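In case you want the letters, here they are:
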Amino acid sequence: AIVIAKPKDIISKVISDMRDYRVWVVPVINDNGKLVGILSYRELLERRVSLRSKVSSAMSPPYSISQDSDLTRAMGKILTLRVRALPVVDPSMKLVGILTRERVLRYLLDSGLLPHVNASSVMSKPAITIEANEAVARAKWLMIRHGITRLPVLESSKLYGIVSMRDIVERLYYASIPRRSRRGDVVGTEDDVLAAPVKAIATTPVITISDNNDIYTAVHVMLDK
């Protein structure tokens, strides 16, 4: 699904749509359909504006790819910008679609273009991780500093769980909203959320593969999960 926003839309509505449709990048368009900005979990984590604020107060300048560009150029731009999705525009900068990492992976998988190599040969190493009892604030800092959206969480040197930028943003933005606490929820103020151990918001158990699995297995798992 493509979730779009207008500069005057309210942040709370857009975050709700992002959560419901599980999207990470929202193109912001004007009344003429032209791309004027980008709103993603990264901007929401870095800028921390009120839920009642307008999208224009948090969005970043737009990045995009022409609809006439080839896939190699598009993949290069996704990697260079370290983004989860890339808006696609026509020559007048009108939004015509969005290219996600998942769609690229699906194409490479279905077309047989993935090389037959082990995951260990293409994985990022060493992994940037966080200890289970470290504060959510440090997880936020690591994500912004390194331009990543997920952190493996370690406890006693073993993989305990994983925490995502989405996890942190949703808890920060809804920290001040009264609601019934569920077991495991971090409730309280924004400061309470940032001071909480990352273990409290991590997802567990973690979906993993072995380093000697081939990348076809890795991509299948990523897309299925």
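Residues numbered from 1 in each chain as written. Predicted model: local features only at pLDDT ≥ 70, side-chain atom pairs only at ≥ 80, totals over all residues. Heavy atoms only, no water.

Q: Residues and numbers for the overall build of the protein, please.
A: Along its length, the protein carries eight helices and eight strands. For 225 residues, the compact-globule estimate of 2.2 N^0.38 gives 17 Å, and the C-alpha radius of gyration of the protein, at 19 Å, lies within 12% of that figure. Seen through its C-alpha atoms, the protein measures out along the principal axes to roughly 50 × 50 × 25 Å. With 225 residues in all, the protein has 40% of them scored as buried. The contacts in the protein between residues at least 6 apart in sequence include a share of 54% that link residues at least 24 apart. Placing the 33 positive and 23 negative side-chain charges of the protein at their respective mean positions leaves the two points 3 Å apart. (Helix = DSSP H or I, 4+ residues; strand = E, 2+ residues; numbered from the N terminus. Rg over C-alpha atoms; globule rule 2.2 N^0.38 Å. Buried < 20%, exposed > 50% of the residue type's maximum accessible area, 1.4 Å probe, protein only. Contact = heavy atoms within 4.5 Å. Lys, Arg positive; Asp, Glu negative; His and termini not counted. Charge placed at Lys NZ, Arg CZ, Asp CG, Glu CD.)

Q: Quick rundown of the sheet that holds strand β7 (residues 150-155)? Include the residues and the values.
A: What the three strands build is an open sheet, ordered β6-β7-β8; its pairing is mixed. At either end of the open sheet lies a strand with only one pairing partner, and these are β6 (130-131) and β8 (158-164). As defined by bridge partners, β7 adjoins β8 across six bridges and the pair is classed as antiparallel. Residue pairing in the sheet places P152 in a bridge with I162 of β8. Docked against the sheet, helix α5 (residues 136-146) engages β6, β7 and β8, running at close to 135° with respect to β7. (Pairing = 2+ DSSP bridges. Axes fitted to C-alpha atoms, helices over the stretch in contact; angles between N-to-C directions.)

Q: Requested: an account of the side chain of S64, with residues and values cited.
A: The residue S64 is located in the loop between α2 (41-47) and β3 (65-66) in this model. Apart from residues no more than four positions distant in its own chain, S64 is found in contact with L35, K77, L86, P87, V89 and M93.

Q: Which residues make up helix α3 (residues 71-81), and what values go with them?
A: Two or three places before T72, at the start of α3, stands the capping residue D70, its side-chain oxygen 3.3 Å from that residue's backbone nitrogen. One or two steps after α3, the chain reaches R82, where phi turns positive at roughly 55°. (Polar contact = N/O pair within 3.5 Å; in protein donor to acceptor, adjacent residues only side chain to side chain.)

Q: Which residues make up the nonpolar core, and what are the values?
A: One finds I11, L39, L44, I168 and Y173 to be the most contacted residues of the largest nonpolar core, which totals 63 residues. Sort the elements by how many residues they give to this core and helix α6 (residues 165-173) lands first, with five residues. Not counting residues within four places of it along the chain, the set of residues in contact with I11 comprises L39, L44, V49, S50, L51, S53, K54, V55, A58 and Y173. (Core = buried A, V, L, I, M, F, W, Y, C linked by side-chain atoms within 4.5 Å.)

Q: Got a sec to walk through the sheet that holds strand β5 (residues 95-100)? Specific residues and values, please.
A: Spatial ordering of the open sheet is given by β3-β4-β5, a layout of three strands whose pairing is mixed. Each edge of the open sheet carries a strand with a single partner, namely β3 and β5. Where β3 lies against strand β4 (residues 85-89), two bridges are found, and the strand directions are parallel. If you follow S66 over to β4, its bridge partner there is V89.

Q: Which residues make up unusual backbone geometry, and what are the values?
A: Excluding glycine, most residues fall at negative phi; most peptide bonds, likewise, are trans. That bond from K125 to P126 is cis: its omega, -5°, falls within 30 degrees of zero. Tracing the chain through its elements places P126 in the loop between α4 (101-110) and β6. Look at the link from T204 to P205: it is a cis peptide, with omega at -5°. Here P205 shows up in the loop between α7 (190-195) and α8 (215-224). In this structure, R22 is a non-glycine residue whose phi angle is positive, near 55°. Here R22 is to be found in the loop between α1 (11-21) and β1 (25-29). Accessibility expressed as a relative area gives 59% for R22, which makes it exposed. Even without a glycine there, the phi angle at S156 is positive, about 55°. If you trace the backbone, S156 turns up in the loop between β7 and β8.

Q: Pulling in residues and values, what's your account of a positive patch on the surface?
A: A cluster of basic residues, R22, R82, R101 and R150, forms a positive patch on the protein surface. For R101, the location among the structural elements is in helix α4. By relative accessible area, R101 is classed as partly exposed at 35%. (Patch = residues over 30% accessible without salt bridge, like charges linked within 9 Å, V, L, I, M, F, W, Y side chains within 5 Å. Areas by Shrake-Rupley, 256 points an atom, 1.4 Å probe, with all protein chains shown as cover. Salt bridge = Lys/Arg side-chain N within 4 Å of Asp/Glu carboxyl O.)

Q: So what about the pairing of β7? Which residues, and what values?
A: As defined by bridge partners, β6 adjoins β7 across two bridges and the pair is classed as parallel. Bridge pairing links I130 to V153 in β7. Adjacent in sequence and paired antiparallel, β7 and β8 are bridged by two residues, among which S156 carries a positive phi angle near 55°.

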